Amino acid sequence: MSEKSSTPRPPVDDKLLAANTSFTLKTGLAQMLKGGVIMDVVNAEQAIIAERAGACAVMALERVPADIRAEGGVARMSDPKLINEIIDAVSIPVMAKCRIGHFVEAQILESLGVDYIDESEVLTPADQTHHIVKHNFKVPFVCGARNLGEALRRISEGAAMMRTKGEAGTGDVTEAVKHIRQINQEIRKAANMPDEELFVYAKELGVSYHLLKDTARKGHLSVVNFAAGGIATPADAALCMQLGCDGVFVGSGIFLGHNPEKRARAIVQAVTHFNDAKVLAEVSTDLGPAMVGRTVESLKETEKLAGRGW
Amino acid sequence: MTKPEVTIGVLALQGAFIEHVSHLQKAVATAKAGSKIASAQISVVTVRTVEQLSSVDALVLPGGESTSISLIAERTGLLEPLRDFVRVQRKPVWGTCAGLILLSDQASKAKKGGQNLIGGLHVLCQRNHFGRQTESFSCNLALPFTNPYDVDDLFPAVFIRAPIIEQLLDDSTARLGALKIEDNSEESLVVSAPRLEADKDDATAVEIICQLPDSTGTEAGDIVAVRQGHIFGTSFHPELTPDVRLHAWWLEECALPFVL
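Here is what the cut-offs are and how they apply
Residues numbered from 1 in each chain as written. Chains lettered and ligands numbered in written order. Predicted model: local features only at pLDDT ≥ 70, side-chain atom pairs only at ≥ 80, totals over all residues. Heavy atoms only, no water. Helix = DSSP H or I, 4+ residues; strand = E, 2+ residues; numbered from the N terminus. Polar contact = N/O pair within 3.5 Å; in protein donor to acceptor, adjacent residues only side chain to side chain. Contact = heavy atoms within 4.5 Å. Patch = residues over 30% accessible without salt bridge, like charges linked within 9 Å, V, L, I, M, F, W, Y side chains within 5 Å. Areas by Shrake-Rupley, 256 points an atom, 1.4 Å probe, with all protein chains shown as cover. Salt bridge = Lys/Arg side-chain N within 4 Å of Asp/Glu carboxyl O. Pairing = 2+ DSSP bridges. Axes fitted to C-alpha atoms, helices over the stretch in contact; angles between N-to-C directions. Buried area = accessible area lost by both parts, 1.4 Å probe. 1 Å grid on protein atoms, 1.4 Å probe; cavity = no way out; pocket = protein on both sides within 12 Å on 5 of 7 lines; lining within 4 Å. Points joined across faces, edges and corners; volume = space filled by probe spheres on them. Nonpolar A, V, L, I, M, F, W, Y, C, P; charged D, E, K, R; others polar. Disulfide = S-S within 2.5 Å. Buried < 20%, exposed > 50% of the residue type's maximum accessible area, 1.4 Å probe, protein only. UniProt positions renumbered as here; feature names shortened; annotations may be inferred. Parallel < 35°, antiparallel > 145°, perpendicular 65-115°, else oblique. Left-handed = near helix turned anticlockwise from the far one by under 90°.

Some points on the side chain of Ser252(A)
All names here are of chain A.
Alright, step 1. Along the polypeptide, Ser 252 turns up in helix H11 (residues 252-255).
Alright, step 2. In terms of polar contacts, Ser 252 uses its side chain to reach the backbone amide nitrogen of Ala 66, at 3.1 Å.
Alright, step 3. For Ser 252, the residues in contact, after removing those within four places along its chain, are Asp 40, Val 64, Pro 65, Ala 66, Gly 169 and Met 291.

Here we look at a nonpolar patch on the surface
Alright, step 1. A cluster of nonpolar side chains, contributed by Phe103(A), Val104(A) and Ile108(A), occupies part of the molecular surface with about 240 Å² of accessible area.
Alright, step 2. With respect to the helices, strands and loops of the structure, Ile108(A) is situated in helix H5 (residues 103-112).

Observations regarding the sheet that holds strand E6 (residues 161-164) of chain A
All names here are of chain A.
Alright, step 1. One open sheet holds the eight strands; their spatial order is E7-E6-E5-E4-E3-E2-E1-E8, and the pairing between them is parallel. What marks the edges here is a single partner per strand, and that holds for strand E7 (224-226) and strand E8 (248-250). Across the sheet, the mean angle separating the axes of adjacent strands is 30° when strand polarity is ignored.
Alright, step 2. Relative to strand E3 (residues 94-99), strand E2 (residues 57-60) runs parallel, the two being bridged by three bridges. By the bridge assignment, Met 59 is partnered in E3 with Met 95.
Alright, step 3. Packing of helix H2 (residues 44-53) onto the sheet brings it into contact with strand E1 (37-41) and E2, and relative to E1 it is tilted by some 165°.

Considering the interface of chain A and chain B
Alright, step 1. Contacts between the two partners involve 52 residues from chain A, matched on the other side by 50 residues from chain B.
Alright, step 2. Roughly 4,200 Å² is buried in total at the junction of chain A and chain B, and carbon and sulfur atoms are behind 55% of that figure.
Alright, step 3. At the junction of chain A and chain B, the tally comes to three salt bridges.
Alright, step 4. Taken together, chain A and chain B are joined by 22 residue pairs in polar contact (both at pLDDT 80 or more).
Alright, step 5. Broken down by secondary-structure element, the contributors of at least two residues to the side of chain A that touches chain B are helix H1 (19-33), H2, helix H4 (80-89) and helix H12 (260-272) of chain A.
Alright, step 6. Counting residues per element, the side of chain A that touches chain B draws most heavily on H1(A), which supplies nine residues.

Re the layout of surface pockets
Alright, step 1. Within this model, the largest pocket holds a volume of roughly 1,300 Å³.
Alright, step 2. At the level of elements, H1, helix H7 (174-191), helix H9 (209-218) and E7 of chain A together with helix H1 (17-29) and strand E8 (155-159) of chain B are the ones that each hand at least two residues to the lining of the largest pocket.
Alright, step 3. Class assignment for the residues of the lining of the largest pocket results in 21 nonpolar, 17 polar and nine charged.

What to know about the state of the cysteines
Alright, step 1. Tallied over the entire structure, the rule returns zero disulfides over all chains.
Alright, step 2. Sulfur of Cys98(A): no disulfide; nearest cysteine sulfur belongs to Cys143(A) and is 8.1 Å away.
Alright, step 3. For Cys125(B), which is in no disulfide, the shortest distance to another cysteine sulfur is to Cys97(B) and amounts to 8.6 Å.
Alright, step 4. Using a relative accessible area of 0% as the deciding quantity, one classes Cys125(B) as buried.

As for the UniProt feature "domain: PdxS/SNZ N-terminal" (unreviewed entry) in chain A
Alright, step 1. Here the UniProt feature "domain: PdxS/SNZ N-terminal" (unreviewed entry) sits at residues 23-228 of chain A.
Alright, step 2. As annotated, residues 23-228 of chain A comprises 47% helix and 16% strand, and the C-alpha atoms at either end are separated by 23 Å.

Thoughts on the UniProt feature "domain: Thiazole synthase ThiG" (unreviewed entry) in chain A
Alright, step 1. Per the UniProt annotation, the sites labelled "domain: Thiazole synthase ThiG" (unreviewed entry) are residues 229-273 of chain A.
Alright, step 2. Annotated as residues 229-273 of chain A, this span is 58% helix and 7% strand, and its ends, taken at the C-alpha atoms, are 21 Å apart.

Quick word on the packing of helix H6 (residues 148-157) of chain A against H9(A)
Residue and element names in this part refer to chain A.
Alright, step 1. Remark: H6 packs on H9, axes separated minimally by 10 Å, with the N-to-C direction vectors making an angle of 115°. By the angle class used here, H6 and H9 are roughly perpendicular. Here H6 and H9 pass one another in a crossing that is right-handed. Counting all contacts with H6, which are made through Leu 148, Leu 152, Ile 155 and Ser 156, the residues of H9 involved are Leu 211, Leu 212 and Thr 215.
Alright, step 2. Grouping the constituent residues of the contact of H6 with H9 by class yields five nonpolar, two polar and no charged.

Here's what the structure looks like:
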């Protein structure tokens, strides 16, 4: 990338560089991605197809989750060469994945200039106990969650955007739906609690009382929440949006299906017009077969990725 | 006497549109007695279709990804109606960040795929001027018109992968395709909005509303807010901070005078 930091940025007011302001910048980019589709891509060519289809960002990775699942082995951060090629190919934000707890992979990704890091359960975790302290970075992070406890722990660590874990690489949307409903249910439950019960609930969830109280008062997470994990069709995407998500990640669902560009465009339209069944019918028409996928029920416990993360 | 009804739309194809809706509603709710805002019955709606667009008197184009928004607009059949709204009917519009890019007659730093612009604002806008997300920043801007009572009261501005206004294209010969694209390399690819019949009788000048200090902090640098009659554009995000002064100012001074 040519625009390292030679750009004429004005001197920044130190007062404004307080933690909450830099957090505003991190959550702010996630707010700009809302109502959009973030697509997994494994090379510059796919990134260009994704951008042309209307993706609001791309996730650069070496193998899509379905292939990681099929091929097995340790899944790690992508080669910087690949990430740089993708950064150079598109004007939309580029995200990349690092392993859970692998703060050095995160440092490397930050230095490459990626716009968001996904500390992702799709890669093999590097730490069985700890997540990255994301406040220490200037680049924002997105993390996966299955329930409110996980989501609030990640936000405490500095995640500026959340997504459901779903079950990546399956093309089966059930787990994503389960996680969206679980988080919404737990927030509604907390919203109806008096303080005494909230203190106990915070202990149960393993989260800070203040963050829980703030979330309960707002009625939603304090950061943007996307759906991810198993979304394969425009209808899947609209389902997640109607359930209250701010946008969707589509991983294996696009480039493992037939006619990726058409499917990608259809999912983008479906996320904008998620409440308009006529548009949904139109964009769902004649897309060819979706990825074959695997049902979540057919997975062995050890094959499930969503259990990773603590 | 019944108040005149005014509908303000926020383009909701992709991006941070809810934030604008709630800021506009808050600006309406806190309007001072005697203001134009208080004299009208204002409703704020999201706009995703041609029918919705035709029902609004003024429109905010939010931040988001400008390529996504323009592609979705095109496929929803909204691109031409938006051009008509801005450049033929000349209804009041405000673009923030991606919205500013879309309203510009020209934008630079597009990648291979190019990009469709709505156009109307006679400027050349440079996308991602400051670089990638780690170069995003916030700073206080002097926008004295948002608070006539205290000119030292600065406005908090958040710049996220922000564009700037690189050049004013007031001279009509220099606009809309008439400007030669000198450097066709990938990094500096310039895209232009198409010329419309209605452009001929549009001679409104572009007014610079705000410039950042340059990198030394002493002189005026990059242009980050401009107004050209009914079109207002900011490269920062007033919808991301709790301050609704700019939304109130836009309604009062830019939108309602054209509507009421």
